[in-house]
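A structural walkthrough
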Amino acid sequence: MNLLYSISISLASFILKCLAPFNKKIKQGVKGRKQTFSLLASRLSPEDKTMWFHCASLGEYEQGLPVFKTLREDFPTHKIVLSFFSPSGYEIRKNSPIADVVVYLPLDTKRNAQRFLDLVHPELTIFVKYEIWPNFLKTLGSRKGKAILISAVFRADQSFFKWYGKQTKEALFTFDHIFTQNEDSKRLLESINYNKVTVSGDTRFDRVFNQLSQNNTLDFIAEFKNNQLCVVIGSSWPEDETLLIEYINTEAREDIKFIIAPHTIKPNQIATIKRNIKKEVVLFSEKENQDLSKYNVLILDTIGLLTKVYSYADIAYVGGAMGTTGLHNILEPAVFGIPIIIGHHFKKFPEAYALQSEKGLISISNQQELNKALHLFVDNPQQRITFGENNLNFIKKNRGAVIQILSYIRR
């Protein structure tokens, strides 16, 4: 099995290099991994005390951030290494203030693991959610490095719980402790005799609740909204946009405002969205010297604003679940006490099931269902209030994961 894993990693490396000239993200990853060891060597010395935080992508970074920020404050003399596997995390957070050096994680070979850990030599390692890299973890374990996994979610169909998953199962046992989001994950771990586990919940609840104490003011959004009902469409994909544009064009009242924050902001895709909408549309990049209040639709052809934009929403649609790309963060709008609409592919997102059960969220699978859900919230202020209150209360009662994790680390 070890041989098969090594072959698969080598094959993955070859394929990525072949695809790099034709795909921007893959090219960024391949190029970035070439620089990892030189970056580490230039920023770290053998005498440094270090911590290593690893995240797959941007979502996992946001999930771990409340823990990372506190450790940055608690251990100011330690140098912190932050690694990403995905370009979408690295490219956006490569200048993160919580880290002294941000790098791409090299592919999971024994040689890379040994070289990486020779340079980083962490006293504490934190992986987020579902990042399990056998060679890195086993090498770390052989050096007696302390490692924890936080906000973990496990499913019965994963290799850890199958007869063929010996290598990944062994990697799990490298962690000194695993903090899971739910009881089901704990039971799965206990079924393979891993017992150093605590159900702490999801650190994202702490992260998003903190947003309420931040300054969420965006003057241009206030001008655009102009005290009218506002629907914010967050992290949308084409399959989401097709349905929503049809609603905007044929069903929406003239006094409703729409803010669209597409997941991808390539100029041709933004132009397609704008062209297909039959109402007055303005782009974020066009907003200067415009009377934004006269427009029906604002398209955010930029990144980094969505969390604050949700604070202006009366209704949120969160993208990713109409197709198979994966549901985006529904907790960000939920904390602002507004109802949420999503697509129907959310099998791997327990928070979506929970909010649906709490009657804070509606899942739709076609145009008719989308129209019905939007009409429900547009035409019934009390429904908006009830669903929104359910969402905020859900966030409040699920806080506390960060305190449990930090208590374990500090002891």
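See the structure printed just above.
Residues numbered from 1 in each chain as written. Predicted model: local features only at pLDDT ≥ 70, side-chain atom pairs only at ≥ 80, totals over all residues. Heavy atoms only, no water.

Before going further, it helps to spend a moment on the pattern of salt bridges. Side-chain pairs of opposite charge can arise where the charged atoms are in close proximity. Applying the stated criterion across every chain yields a total of 20 salt bridges. Of the charged contacts, one joins Asp100 and Arg72 as a salt bridge, the two residues approaching to 3.0 Å between their closest N and O atoms. Taken together, the positions of Asp100 in the loop between helix H4 (87-93) and strand S3 (101-104) and Arg72 in helix H3 (residues 58-74) put the pair 28 residues apart, joining distant regions of the chain. With a relative accessible area of 33%, Asp100 lands in the partly exposed category. Its salt-bridge partner being Lys94, residue Glu91 comes within 3.2 Å of it at the nearest N-O pair. Each of Glu62, Arg93 and Arg207 takes part in a single network of salt bridges with overlapping partners. (Salt bridge = Lys/Arg side-chain N within 4 Å of Asp/Glu carboxyl O. Helix = DSSP H or I, 4+ residues; strand = E, 2+ residues; numbered from the N terminus. Buried < 20%, exposed > 50% of the residue type's maximum accessible area, 1.4 Å probe, protein only.)

Once that is clear, we can look at the packing of aromatic side chains. The geometry of an aromatic ring pair comes down to the distance between the two centres and the angle between the two planes. Scanning all chains against the criterion turns up 20 aromatic pairs. Taken together, the ring pairs connect Trp52, Phe116, Phe127, Phe136 and Phe175 into an aromatic cluster. Directly above the aromatic system of Phe209 lies the positively charged group of Arg399, at a separation of 3.9 Å from the ring centroid. (Phe/Tyr/Trp six-rings, centres within 6.5 Å; stacked < 30°, edge-to-face > 60°. Lys NZ or Arg CZ within 6 Å of the ring centre and 35° of its normal.)

Taken together, 7 strands build an open sheet; the order of strands is S3-S2-S1-S4-S5-S6-S7 and the sheet is parallel. At either margin of the open sheet sits one strand with a lone partner, and together these are S3 and strand S7 (197-199). On average, adjacent strands in this sheet sit at an angle of 20° to one another, irrespective of strand direction. Where strand S1 (residues 50-55) meets strand S2 (residues 79-84), 6 bridges bridge the pair, whose relative direction is parallel. Bridge pairing in S2 places Phe53 opposite Leu82. Sitting on the sheet, helix H18 (residues 401-410) touches strand S4 (124-128), strand S5 (146-152), strand S6 (177-180) and S7, and the angle it makes with S5 is about 175°. (Pairing = 2+ DSSP bridges. Axes fitted to C-alpha atoms, helices over the stretch in contact; angles between N-to-C directions. Contact = heavy atoms within 4.5 Å.)

In this section: the layout of surface pockets. What the second largest pocket holds in volume is close to 420 Å³. Along its surface, the second largest pocket is lined by 15 residues, and Ser13, Lys17, Arg33, Leu107 and Asn112 are the ones closest to its centre. Among the elements of the structure, helix H1 (2-19), helix H2 (24-43) and helix H5 (110-120) are those that each provide at least two residues to the lining of the second largest pocket. It is H1 that provides the largest number of residues to the lining of the second largest pocket, a total of 5 residues. Across the lining of the second largest pocket, the residue classes tally to 6 nonpolar, 4 polar and 5 charged. (1 Å grid on protein atoms, 1.4 Å probe; cavity = no way out; pocket = protein on both sides within 12 Å on 5 of 7 lines; lining within 4 Å. Points joined across faces, edges and corners; volume = space filled by probe spheres on them. Nonpolar A, V, L, I, M, F, W, Y, C, P; charged D, E, K, R; others polar.)

Moving on, we come to unusual backbone geometry. In terms of backbone geometry, most residues other than glycine have negative phi values and most peptide bonds are trans. The phi angle at Lys129 is positive, at roughly 75°, despite the residue not being glycine. With respect to the element layout, Lys129 can be found in the loop between S4 and helix H6 (134-142). Of note in this structure, Ser235 is not a glycine but carries a positive phi near 55°. On the secondary structure map, Ser235 appears in strand S8 (residues 230-236). What makes Ser235 buried here is its relative accessible area of 15%.

Turning next to the packing of H5 against H6. Two elements in contact, H5 and H6, have axes separated by 8 Å at closest approach and are oriented at 50°. With respect to each other, H5 and H6 are oriented oblique. Like other packed secondary-structure pairs, H5 and H6 cross with a definite hand, here right-handed. For the pair H5 and H6, contact is made by Lys110, Asn112, Ala113, Gln114, Phe116 and Leu117 and by Asn135, Phe136, Thr139 and Leu140, respectively. For the contact of H5 with H6, a count of residues per class yields 5 nonpolar, 4 polar and 1 charged. (Parallel < 35°, antiparallel > 145°, perpendicular 65-115°, else oblique. Left-handed = near helix turned anticlockwise from the far one by under 90°.)

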